[in-house]
Amino acid sequence: MENTTIASSAEFGRLAYEAGNYSAAADMFLKAEQAARTAGDALQAAEMANNRSVALLQAGDAQAALEACDGTEIVFAAAGDIQREGLALGNKAAALRELGRRDESLKQYQLSAERLKKAGDKENLAIVHKTISAIEIEKGDNLGAMSAMLDALQVKEKLTLRERFMRWLFSLASRLMPR
């Protein structure tokens with residue numbers, strides 16, 4: 001019975017999210033999370049908690065988003081699932097950033113990048129590096145921002161002409177910078 005509840009609640013949550021009804025999506029993901037916990041499926045519960053976190057962040061409730069995903073990275077790490085650990089760290093970082101906790105957010109994004117790189121998840125790794133770059137710009141660290149953007153462009157597989165030019169330019173600039 002719980003497996004049916006988990007699957008149907010998760011599907012309704014996904015549909016609500018895609019429709020832009022983020023609060024309803026968060027409610028459905030919570031229902032799926034609770035059913036997974038009842039069934040003793042910690043990984044599925046953590047996955048649903050992360051989905052709920054994303055929906056809550058989209059709904060504008062960063063504190064609830066942080067609370068939803070907090071600790072899920074530990075569940076994934078214990079299971080040896082470094083990709084989902086990296087994604088959970090990224091969700092936590094996004095919530096921290098929205099809460100104005102930039103330095104904590106940056107640390108979580110850096111941990112996320114390490115895990116995603118180890119997992120070989122280039123698509124999400126590029127997104128994380130771009131976000132790190134944006135945070136570095138906010139902090140006034142232009143060199144750090146350039147370095148993070150270069151990391152993002154080196155990971156991304158299909159670059160536009162503009163991105164290829166930026167990668168070349170940033171590579172050139174990084175070689176000219178004093179170490």
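The structure presented is a predicted model; accordingly, all values stated were derived computationally and were not measured.

### Examining the layout of surface pockets
Reasoning step 1: Of the volumes computed, that of the largest pocket is approximately 290 Å³.
Reasoning step 2: What lines the largest pocket is a set of 16 residues, and nearest its centre among them are G90, N91, A94, Y109 and I127.
Reasoning step 3: Elements supplying a minimum of two residues to the lining of the largest pocket: α3 (42-58), α6 (82-98), α7 (102-119) and α8 (122-139).
Reasoning step 4: Among the elements that make up the lining of the largest pocket, the one with the highest residue count is α6 (five residues).
Reasoning step 5: Of the residues that constitute the lining of the largest pocket, the class distribution is nine nonpolar, seven polar and no charged.
Reasoning step 6: Along the walls of the second largest pocket sit 13 residues, with E47, N50, N51, V54 and N91 positioned nearest its centre.
Reasoning step 7: For the lining of the second largest pocket, the secondary structure elements donating two or more residues are α1 (2-18), α3 and α6.
Reasoning step 8: Here the lining of the second largest pocket is composed, by residue class, of six nonpolar, three polar and four charged.

### Things to note about the packing of α6 against α7
Any two packed helices are characterised by the angle at which their axes cross and by the distance between the axes.
Reasoning step 1: Here α6 crosses α7 at 160 degrees, and the two axes come no closer than 8 Å. Considering their axes alone, α6 and α7 lie roughly antiparallel with respect to each other. The two elements α6 and α7 cross, and the hand of that crossing is left-handed. When α6 is examined against α7, the residues I82, Q83, E85, G86, L87, L89, G90, K92, A93, A94, L96 and R97 are found in contact with a partner set consisting of E104, S105, Q108, Y109, L111, S112, R115, L116, K118 and A119.
Reasoning step 2: By residue class, the composition of the contact of α6 with α7 is ten nonpolar, six polar and six charged.

### What about the environment of A25?
Reasoning step 1: Mapped onto the fold, A25 is located in helix α2 (residues 22-38).
Reasoning step 2: On the basis of relative accessibility, which here comes to 0%, the residue A25 falls in the buried class.
Reasoning step 3: Sequence-wise, A25 and A10 are 15 residues apart; in three dimensions their C-alpha atoms are separated by 8.5 Å.
Reasoning step 4: Those residues within four positions of A25 in sequence are excluded, and the remaining contacts are G13, A16, Y17 and A55.

### Points about the pattern of salt bridges
Reasoning step 1: If you walk through the whole model with that rule in mind, you get 13 salt bridges.
Reasoning step 2: The partner of E47 in a salt bridge is R84, with the nearest N and O atoms 3.2 Å apart. Here the residue E47 occupies a position in helix α3, and R84 occupies one in helix α6, the gap between them amounting to 37 residues.
Reasoning step 3: In this structure R84 comes out as partly exposed when scored by relative accessible area, which is 21%.
Reasoning step 4: Here D81 and R84 are joined by a salt bridge, their closest N and O atoms 2.7 Å apart.

### Digging into α6
Since the α-helix packs 3.6 residues into each turn, any two residues three or four apart lie on the same face.
Reasoning step 1: Between the first and last C-alpha of α6 there are 24 Å, a value that for 17 residues agrees with the 24 Å anticipated at 1.5 Å per step.
Reasoning step 2: Just past α6, the residue G100 takes up positive phi, approximately 80 degrees.

### Side note on the environment of A36
Reasoning step 1: Turning to its location among the elements, A36 is positioned in helix α2.
Reasoning step 2: For A36, a relative accessible area of 0% gives the class buried.

### Brief notes about the packing of aromatic side chains
Reasoning step 1: Counted by the stated rule, this structure contains one aromatic pair.
Reasoning step 2: Between the aromatic rings of Y17 and Y22, the centroid separation amounts to 5.0 Å while the plane-to-plane angle is 65 degrees, which identifies the pairing as edge-to-face.
Reasoning step 3: The partly exposed category is assigned to Y17, whose relative accessible area is 27%.
Reasoning step 4: Judged by relative accessible area, which is 24%, Y22 ranks as partly exposed.

Basis of the calculations
Residues numbered from 1 in each chain as written. Predicted model: local features only at pLDDT ≥ 70, side-chain atom pairs only at ≥ 80, totals over all residues. Heavy atoms only, no water. 1 Å grid on protein atoms, 1.4 Å probe; cavity = no way out; pocket = protein on both sides within 12 Å on 5 of 7 lines; lining within 4 Å. Points joined across faces, edges and corners; volume = space filled by probe spheres on them. Helix = DSSP H or I, 4+ residues; strand = E, 2+ residues; numbered from the N terminus. Nonpolar A, V, L, I, M, F, W, Y, C, P; charged D, E, K, R; others polar. Axes fitted to C-alpha atoms, helices over the stretch in contact; angles between N-to-C directions. Parallel < 35°, antiparallel > 145°, perpendicular 65-115°, else oblique. Left-handed = near helix turned anticlockwise from the far one by under 90°. Contact = heavy atoms within 4.5 Å. Buried < 20%, exposed > 50% of the residue type's maximum accessible area, 1.4 Å probe, protein only. Salt bridge = Lys/Arg side-chain N within 4 Å of Asp/Glu carboxyl O. Expected span 1.5 Å × (residues − 1). Phe/Tyr/Trp six-rings, centres within 6.5 Å; stacked < 30°, edge-to-face > 60°.

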